[in-house]
Amino acid sequence: MSSKKDKPRDKKENQKIWLIIILSIVLIALIIGLGIFYVNNKEKEDENTLSYTDLIKELSDGNIEKIEMTVGSTTLKVKQKDVEEEKTTIVPNTESFMELVQQKVAEGNEIDLNQKPKSFLSQIPSFVISFLPTAIMLALFIMIFKMQGLGEKGKVYDDTERKTKIKFDDVAGLDEEKEELVEIVEFLKKPEKFTKMGAKIPKGVLLYGKPGTGKTLIAKAIAGEADVPFISMSGSEFIEMFAGLGASRVRKLFEKARKLSPCIVFIDEIDAIGSRRTSNSGAETENNQTLNQLLVEMDGFSSEETIIVLAATNRPEMLDKALLRPGRFDRQITIPTPDLNGRLEILKIHSKDKRISEDVNLESIAEDTAGFTGAELANILNEAAIIATKRKHDDIEKDDIEEAVKKVTVGLEKRARVISEKDKKLTAYHEAGHAVVSKYLPTQTDVKEVSIIPRGVAGGYTMYKSDEDKYYISKTEMKEKLVALLGGRAAEKLVLDDISTGASNDIEVATKIARDMVTKYGMSDNLGPIDFQGKEPYEMQLFGENIGDKIGQEVKELIDNAYKEAQNLLKEHRDKLDKIAETLLQKEKINEEDFKKFFE
Ligand code: ADP
Ligand code: MG
Ligand code: ZN
């Protein structure tokens, strides 16, 4: 089948042998050098690490006496009370960790906290410095190798290949999607059964879905269920400096897959290589070669070769149509953001290994998190565990989770930040503006909390009750959403006759909604139900010379009208706006119940 590979390459053969000899010498030097380095550092190398979980535990128990950290690095040195040598720990989030440490210090724990400034040299491990010359030489040779196209046979796999233990049971919700994929698992397990019957199994399955919805997870679960190797690569890795390298990586990926068959090849972010082939300029030519190679490989293997290619993307509209033809990714599965039940199942799976208090009702958390992805839900439970540790709770309590939800959605509460009276007033009116306006908009959900305590980058926030899961959003609802979003800016203008940068995120979101209404959902009466998104300039011209201007006008009109309506509502209910803003200035926060009282 692959007689092409045996084609002699006489001219380059000599050159290649030389390069291999030189490379070997460099490699031997490097190995000897590394050997010396390790001997020298042997004492330091002993089991000197402390896991993050253990560190938190030790810290809570007051067993840490010294922490040494370098600004900008997540690696810490810690000294435990009863242990001689210092240990190293990598922390996932230095900000959260430092808060915990500071809290401990405030409680009277004696912790010698040593923060070193970021120094250029200290960040480079010593062995890197001593081997810099060798490394540079090595890099040079690799570059020469690749530029001459000889690198093809080099062993530069940076894909991962291993069997995973993940099973369908680890993927919550997504029952219908799993059902569709069971057939693929069966095929990987017993290909003969299918081929004997003459059944056609798809070669490629494309998974569409937002980041964090579990595409990678489900791909791994297929491999885990079938007990076959999982070979993966990310599309963005294929984009390389040297022409032809992307294509050669694809070739190698499939060479390997053939050896390991039956197996799964997973290509994440396939849009990075598989985006539409348009012009032939620069980077795009490289893309085309990579994409063409992928198509060649997929067409090349027969269905008896038990390889299933799974690919994931969150931008299906970007994909080259050639990828979707029969015999390639002819099956497409949408991985949705989880619905109520899906969220509950995900929360259940991720709370299994955590200590959750009896008072926690996962159902109600699932209700409050419409629109959240699996990754976000998993993240919430992790954050809740950290918060519970900080608050010295025995297990994760209801308000730990509520705080975690807020942290994940709007960022961390920053009570310590000093804010001028003027800024406070501005924020109070801005948030009160959102809250009052949405109260008078029938389609908008109830306000759950209004606050002017800074969180993350936001000066304040208005939280709404979560919507029940919906499949469709009406035009009225979208228009009213625009009004609610612009309520903050409208209040600033109305009361303080000045406007601030605080509304930038609202404006960004509103603009996107308005643009989608016109160009994606066909909600503009003047332009009609046409999809204008992701069109090439020549395609756009079909709709007339000035179509861009017309779209702009329609978007602007939606925003202008919404802004006017927000101002009118606020003028009409100015008394409510003032009262709520004043209360916010006094109390900083208003909850759902108290908010309702203003309108009784
Ligand atoms: P994607 O590839 O779609 O961006 P991932 O598969 O990488 O998303 O998901 C990230 C993490 O989120 C997973 O490792 C898992 O912890 C969690 N997660 C996402 N979806 C689910 C789900 N349906 N069930 C359980 N966990 C999930
Ligand atoms: Mg992924
Ligand atoms: Zn706002």
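Refer to the structure printed above.
Described below are features of the structure shown in this document. Note that the coordinates shown come from a computational prediction; the quantities given were computed from them, not determined experimentally.

1. Some words on the coordination of the zinc ion (ligand 3)
Within the protein, H430 (NE2), H434 (NE2) and D506 (OD) serve as the donor atoms for the zinc ion (ligand 3), at 2.0 to 2.1 Å. All donors to the zinc ion (ligand 3) come from one chain, and their sequence spacing reads H-x3-H-x71-D. Of this pair, H434 sits in helix α18 (residues 421–439) while D506 sits in helix α20 (residues 504–519), and the two are 72 residues apart along the sequence. On the basis of relative accessibility, which here comes to 7%, the residue H434 falls in the buried class. Residue D506 is classed as buried on the basis of its relative accessible area, which comes to 12%.

2. With respect to the site of ligand 1
Near ligand 1 there are 16 residues, and of these G212, K215, T216, L217 and H350 occur at the shortest range. Here G214 contributes a backbone N or O atom positioned 3.1 Å from an oxygen atom of ligand 1. Taking A375, its main chain carries an N or O atom lying 3.4 Å from an oxygen atom of ligand 1. Relative to its unbound accessible surface of 560 Å², ligand 1 loses 79% to contact with the protein. Broken down by secondary-structure element, the contributors of at least two residues to the shell around ligand 1 are α9 (215–226), α14 (340–351) and α16 (374–390). The dominant element in the shell around ligand 1, judged by the number of residues it contributes, is α9, at 3 residues. Classifying every residue of the shell around ligand 1 gives 7 nonpolar, 6 polar and 3 charged.

3. So, a negative patch on the surface
Side chains of D175, E176, E179 and E180 sit close together on the surface and give a patch of like negative charge. For E179, a relative accessible area of 63% translates into the label exposed.

Quick notes on the rules
- Residues numbered from 1 in each chain as written.
- Chains lettered and ligands numbered in written order.
- Predicted model: local features only at pLDDT ≥ 70, side-chain atom pairs only at ≥ 80, totals over all residues.
- Heavy atoms only, no water.
- Donors = N, O, S within 2.8 Å, 3.2 Å for Na, K, Ca; no water.
- Helix = DSSP H or I, 4+ residues; strand = E, 2+ residues; numbered from the N terminus.
- Buried < 20%, exposed > 50% of the residue type's maximum accessible area, 1.4 Å probe, protein only.
- Near = heavy atom within 4 Å.
- Polar contact = N/O pair within 3.5 Å; in protein donor to acceptor, adjacent residues only side chain to side chain.
- Areas by Shrake-Rupley, 256 points an atom, 1.4 Å probe, with all protein chains shown as cover.
- Nonpolar A, V, L, I, M, F, W, Y, C, P; charged D, E, K, R; others polar.
- Patch = residues over 30% accessible without salt bridge, like charges linked within 9 Å, V, L, I, M, F, W, Y side chains within 5 Å.
- Salt bridge = Lys/Arg side-chain N within 4 Å of Asp/Glu carboxyl O.
- Lys, Arg positive; Asp, Glu negative; His and termini not counted.
- Charge placed at Lys NZ, Arg CZ, Asp CG, Glu CD.

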